[in-house]
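Below are the chains, spelled out letter by letter.
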Amino acid sequence: MRRIGLLGGTSWESSVDYYRLLNEGVRDRLGGSHSADLMLRSVDFAEIEAKQVVDDWIGLGRRYASEAGTLVTAGARVLGICANTMHLVYDDVASVGVPVIHVVDAVADAAATAGFTSVGLLGTRHTMASAGLYPDRMASRGIGVLVPDGDDAAQVHRVIYDELVLGQVLEASAEQLRGIIARLVDRGAQAIVLGCTELGMLVEQPLSAVPLLDSLSLHVDALLDAALAADAPSSDLPEEPPLEEGAA
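Overview of the structure.

Okay, the packing of aromatic side chains next. Two aromatic rings, taken as a pair, are described by how far apart their centres are and by the angle between their planes. The full count for this structure, using the stated rule, is one aromatic pair. The ring of Y90 has R137 lying over it, and the distance from NZ or CZ to the ring centre is 5.7 Å.

Next comes the structure, spelled out in structure tokens:
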């Protein structure tokens, strides 16, 4: 398989799920004791959040391009940005010259396959407000995107940054998000995109009246497809001597 490089830490709560799901996915696809050939560059989220607050996307793009270059130098041949919001600097990361699997493309593929023409989007304020992130990429597949109105959008953003990235999963917030989802469904959403990699901690399918498109799990599947594609080269690591019998 191609070695996967992950740009994580935003937040580490969801980066943990990327690591787990990628390894489970490789085991399920290849069987036996197979696990993922991957590297994780986990940044300090406080540093990233401080730049997000002042909309320093130029600085963030430079930072992420540098981090991506470090992963490529260490052998990564497929990259994944472990956050929807940080796909706002996707082009900077893609400049390093190896495939970068876009989370919105993974979601759009799933929505198009299911035949949805209108989806609701939950995410950070940066994600929900950016036309170039979800709406434009989904529109190319014939899918419209609905976002929550003012107060609802502010509530989703607050839950993500004040609770989920800190590992807090509160039933009161889950109930609020269910109400926001219901209002998006009333406006015509046929499915709801969990467009933040932490939202799966709080919103589960049995509690939704419409299908949920979890960006994290769909992104993981797309990363595995790229890493395990038929034309993927064998590892370029030097061959190691076999383990002695009984070694682990």
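Still more ground to cover, so stick around.
This part covers unusual backbone geometry. Glycine aside, negative phi is the norm for most residues, and most peptide bonds take the trans geometry. The omega torsion of the bond from T10 to S11 falls at 0°, within 30 degrees of zero and hence cis. Unlike most non-glycine residues, D55 shows phi in positive territory, near 55°.

This part takes up helix 10 (residues 215-227). Every α-helical turn comprises 3.6 residues, leaving residues that sit three or four positions apart pointing alike. Along its 13 residues, helix 10 runs 18 Å from first to last C-alpha, staying within 8% of the 18 Å computed at 1.5 Å per residue. Most of helix 10 sits out of view: 10 of its 13 residues are buried. Within the span of helix 10, buried status applies to S215, L216, L218, H219, V220, A222, L223, L224, A226 and A227.

On to the pairing of strand 7 (residues 191-194). By the alternation rule, side chains of strand 7 split into A191 and V193 and I192 and L194, which are all buried. When strand 5 (residues 118-122) meets strand 7, the two strands line up parallel, connected through four bridges. Looking across to strand 7, one finds that V119 is bridged to A191. By the bridge criterion, three bridges tie strand 7 to strand 8 (residues 212-214) in an arrangement that is parallel. Bridging from a neighbouring strand, L194 pairs with D214 of strand 8.

The subject of this paragraph is the sheet that holds strand 8. What the four strands build is an open sheet, ordered 6-5-7-8; its pairing is parallel. Strand pairing shows two members of the sheet lacking a second neighbour, strand 6 (144-146) and strand 8, which therefore form its edges. On average, adjacent strands in this sheet sit at an angle of 30° to one another, irrespective of strand direction. As defined by bridge partners, strand 5 adjoins strand 6 across three bridges and the pair is classed as parallel. In the strand pairing of strand 6, G120 is matched with L146. Set on the sheet, helix 9 (residues 171-186) makes contact with strand 5, strand 6 and strand 7; between it and strand 5 the angle comes to about 155°.

It is the contact of helix 8 (residues 150-162) with helix 9, at a shortest axis distance of 10 Å, that shows an interaxial angle of 145°. The chirality of how helix 8 crosses helix 9 is left-handed. Contacts between helix 8 and helix 9 involve D152, Q155, V156, R158 and V159 from the first element and S173, Q176, L177, I180 and R183 from the second.

Across the two faces of strand 3 (residues 78-81) the burial is the same, with V78 and G80 and L79 and I81 all buried. Pairing analysis gives four bridges linking strand 1 (residues 4-8) to strand 3, with the strands arranged parallel. Looking across to strand 3, one finds that I4 is bridged to V78. Of the pairings in the sheet, the one linking strand 3 to strand 4 (residues 100-101) comprises two bridges and is parallel in character. Paired with L79 across the bridge in strand 4 is V100.

So, on to the pattern of salt bridges. Tallied over the entire structure, the rule returns 16 salt bridges. One salt bridge connects D28 with R27, and the closest N-O pair in it is separated by 3.7 Å. Of the residues examined, D28 reaches a relative accessible area of 60% and is grouped as exposed. When its relative accessible area of 42% is taken as the criterion, R27 is described as partly exposed. A salt bridge links K51 to D56, with the nearest nitrogen and oxygen atoms 3.4 Å apart. On the basis of relative accessible area, D56 is assigned to the partly exposed category, the value being 24%. The structure contains a network of salt bridges with shared partners spanning R41, E47, R63 and E67.

The rules we used
Residues numbered from 1 in each chain as written. Predicted model: local features only at pLDDT ≥ 70, side-chain atom pairs only at ≥ 80, totals over all residues. Heavy atoms only, no water. Phe/Tyr/Trp six-rings, centres within 6.5 Å; stacked < 30°, edge-to-face > 60°. Lys NZ or Arg CZ within 6 Å of the ring centre and 35° of its normal. Helix = DSSP H or I, 4+ residues; strand = E, 2+ residues; numbered from the N terminus. Expected span 1.5 Å × (residues − 1). Buried < 20%, exposed > 50% of the residue type's maximum accessible area, 1.4 Å probe, protein only. Pairing = 2+ DSSP bridges. Axes fitted to C-alpha atoms, helices over the stretch in contact; angles between N-to-C directions. Contact = heavy atoms within 4.5 Å. Left-handed = near helix turned anticlockwise from the far one by under 90°. Salt bridge = Lys/Arg side-chain N within 4 Å of Asp/Glu carboxyl O.

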